[in-house]
Amino acid sequence: MSFRNHLGVTAICLLSVCLVHKPAEAGDQVTVTVGSDGNCDYTSITAAVFNAPAANNLEIRVAKNVDIGATQLVIGRDIFIRGGFDTCSDSTPSGKSVLDGSGFNGVILLGSSSGETVTDVFLENIEITGGNTNTNGGGISLTGPWRLAMVGTTISNNVANGSGGGVYMADPNALRQKGFGSTPRSSLEIYENSIISSNTGEDGGGIACVGDVGIEVFNSQIGSNDATSDGGGVFLTDGCQFELNDSGPFQGVLLNEAAGFGGGIFAEQGSLVRLRGGDSSGTAAVVLSNSATNGGGIALRTAAVLDASDSVISSNSASSTGGGIRSDDGEIHIYRSRPGAECHSERRCSVLSDNNANGTDGGFAGGGGILAFGGSVRITGTYVEDNQANFGSAIRARFIPLEGLSRNINILGSVFAGNSGAPQVVFLDESDADIGFNSFVDNIDNDRIIEIAYPDTPGGPHETRIFGSIFDQVGNTVASAELTTAGQLPTADCNRNEENSTGDLAGGPRSTSAAPVFIDRNAGDFRLEPEASPQVDFCDWSILGSLSNHSANGLNRPNDLPAGNLYGAWDLGGIEYYAPGPIFADRFEN
């Protein structure tokens, strides 16, 4: 159905989703049918596009008996393509109509346009499969200004020897001034149980995006796609923007694979990746179980940006570096935006967990959760747990800032637990860092928790500041922080250090070695016990400077309890104590 408001804007509703259509100058909606029975108006989408009567809105109803023998062209006008009709006489859709390209070589849906006018293509209840091309776009290829929206649509088992096994969209539009604050001209909108799966491409097994294009994904799956180079699920370049919103079961970016970088998502040349988890009635935005040589979940390069709020990046793997994320001069920002029970998970709202990197090259490998070369890393209000690597089980950072740039590393109000396999949890290699009010608890088989290497190399001295944090490992024998080469010692204050630590974090006028008491450490509940733990209301926040007050539970700091403060009202560690709410004791999702 469609309706027009008082401004002349048409809103077209597909299932439960209404898509706003741009105003038209004149004419009505025309509906035609495509299929292979005698009651059909046309036998192909191409014929319908070129021959149907002129109209502002052309709806093409595709019967399930459709049989295409060549690439279908979608140029020249805005169109709806609706499937699921048993025959051309049927008026009630059910299931999907299949556009099968296995009988010819080429992309299945093709469109090319120029100029400033955006052409709309809407797909509902369509399956696109069997496309095979030597260029870009195995299933769909759109070049120029387009808006492609799909609802209940499947794009699967297509192959491109170029980019975009499932979908390829490119809008160079070099004359347009672009920036992260601008809205892309072209768009790909994926809604309501749509699936892009089992496609293969060189770059972008599922989707490849070039230029001035924005991609939004809602309640859909980009899964089990394969890239022979980069971007198993999604490949973004030249300023593309990708936003993954909260996803239901078996939805999100999952089970994709890349031979090179970015098993789930690859972004370069100023492209932007946004992950947006839901509120208490929703779910997380999920990047799960993807794999690559580098950047199992996500890879960034050359000023690309990852902005991940209330999301889950988990169970990704890299055979070399960056199990969860690999960044080369990119910007990583992972954070919690919703407090307490307002998030999809009251406790673990922002999660980087169970990722692994298996590389063994001591100079470059590692980073079970994150490996970053240059650029910046900001992590706030996040649980970084159970990641594994041979170097930097949770994070390895090198050359930050790079070439004198001011960007660096901020890790605030987060929890690091159960990370294993490396001599260090956080490995700072020729890098600056501020590490404040975090909990490092029960990480496994580490010689030290934070290792500082080569702080006096060119561009240094590199400064590390560690404050307000709790270091409490099993056995209390692990160094909290250690300088592995001669250079500048870390600046430290208001930390809970290991009692028997031989590391370089022994100083700090307001530090303590008194043991913390957690609510239930065996269940992964690392909130401090307010009556028994001496780290409650321990310190002030002046050492944070201009940095914000973050807590892994998303609640404001400090929460000043009635008992007297030692040096201030802030609790040490990543979680400010609040009276218990309906928080569950599992380690991942409620």
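This structure is a prediction, so every number in the text was calculated from the model and none was measured. Chains are numbered independently. Their residues run from 1 in the order of the written sequence. Residue-level local features of this predicted model are given only where pLDDT is at least 70; pairs of side-chain atoms are given and counted only at 80 or more, and the full residue set underlies all totals for whole chains, interfaces and linings. To obtain the side-chain values, all non-hydrogen atoms of the structure were used and water was disregarded.

Caption draft 1: Inspection of the overall build of the protein chain at higher detail. Helix and strand content of the protein chain: one helix and 57 strands. Buried means the residue's accessible area, taken with a 1.4 Å probe over protein chains only, is under 20% of the maximum for its type, while exposed means over 50%, and partly exposed covers the values in between. For the protein chain, buried positions account for 61% of its 590 residues. What makes two residues a contact is simply this: any of their non-hydrogen atoms within 4.5 Å. Contacts in the protein chain between residues at least 24 apart in sequence constitute 77% of all its contacts with a sequence separation of at least 6. Accessible area of the protein chain: about 20600 Å², with a carbon and sulfur share of 49%. A helix here means a DSSP run of H or I that spans at least four residues, while a strand means a run of E at least two residues long, and both kinds are numbered starting from the N terminus. Per-residue accessibility takes into account occlusion by the displayed protein chains alone, with areas from the Shrake-Rupley method and a 1.4 Å probe.

Caption draft 2: Structural view of the confidence of the model for the protein chain. Residues with a pLDDT of 70 or more make up 89% of the protein chain, whose mean pLDDT is 88. Segment residues 1–26: pLDDT under 50, and 69 contacts once partners within four positions in sequence are set aside and those in other chains are kept. Predicted confidence is poor over residues 582–590, with pLDDT under 50, and the contacts of this stretch with residues over four places away or in other chains come to 31 contacts. What pLDDT reports is the predictor's confidence in each residue, on a scale of 0 through 100.

Caption draft 3: Representation of the pattern of salt bridges. Here, a salt bridge means any Lys or Arg side-chain nitrogen found within 4 Å of an Asp or Glu carboxyl oxygen. Taken as a whole and assessed by the stated rule, the structure comprises 26 salt bridges. In this structure, R274 engages E243 in a salt bridge whose closest nitrogen and oxygen atoms are separated by 4.0 Å. Of this pair, R274 sits in strand β30 (residues 272–276) while E243 sits in strand β26 (residues 241–245), and the two are 31 residues apart along the sequence. Overall, R274 belongs to the partly exposed group, its relative accessible area being 22%. Ionic pairing is found between R347 and D525, a salt bridge with its closest N-O pair at 3.7 Å. Placement of the pair is R347 in the loop between β38 (331–335) and β39 (351–353) and D525 in strand β57 (residues 525–528), with a sequence separation of 178 residues. The pair formed by R347 and D525 is uniform in burial state, with each residue classed as buried. One network of salt bridges, in which partners are shared, links E59, R61, R82 and E124.

Caption draft 4: Structural context of the state of the cysteines. The disulfide criterion is simple: two cysteine sulfur atoms within 2.5 Å. According to the stated counting rule, one finds four disulfides in the structure shown. Each sulfur of the disulfide joining C209 and C240 lies 1.9 Å from the other. Around the S-S axis, the bridge from C209 to C240 shows a dihedral of about -95 degrees and counts as left-handed. Of this pair, C209 sits in strand β21 (residues 207–211) while C240 sits in the loop between β25 (234–237) and β26; the two residues are 31 residues apart in sequence, bridging distant segments of the chain. For the pair C209 and C240, a shared accessibility class is recorded, and that class is buried.

Caption draft 5: Representation of the packing of aromatic side chains. Pairing of aromatic rings covers Phe, Tyr and Trp, the last through its six-membered ring, and needs centres within 6.5 Å; plane angles under 30 degrees mean stacked, over 60 mean edge-to-face, and all others mean tilted. Counting across every chain of the model gives 11 aromatic pairs. A ring pair is formed by F364 and F373, whose centres lie 5.9 Å apart and whose planes are at 40 degrees; its orientation type is tilted. Their ring planes at 50 degrees and their centres at 4.9 Å tell us that F437 and W570 sit as a pair that is tilted. With F437 in the loop between β49 (433–436) and β50 (439–441) and W570 in the segment after β57, the pair connects residues that are 133 residues apart, well separated along the chain.

Caption draft 6: Molecular detail of the side chain of T119. As for its position among the elements, T119 is in strand β10 (residues 119–124). T119 has contacts with R77, D78, S113, P145, W146 and R147, leaving out every residue within four places of it along the chain.

Caption draft 7: Representation of the environment of V98 within the structure. Note that V98 resides in strand β8 (residues 97–100). Judged by its relative accessible area of 30%, V98 falls in the partly exposed class. For the pair V98 and G130, spaced 32 residues apart in sequence, the C-alpha separation works out to 10.0 Å. When neighbours within four sequence positions are excluded, V98 is seen to be in contact with V66, E127 and T129.

Caption draft 8: Seen up close, unusual backbone geometry. Put simply, I400 and P401 share a cis peptide bond, and its omega is 5 degrees. If you trace the backbone, P401 turns up in the loop between β45 (395–400) and β46 (409–412). The step from R557 to P558 runs through a cis peptide bond, and the omega angle for that step is -5 degrees. Counting through the fold element by element, P558 comes out in the segment after β57.

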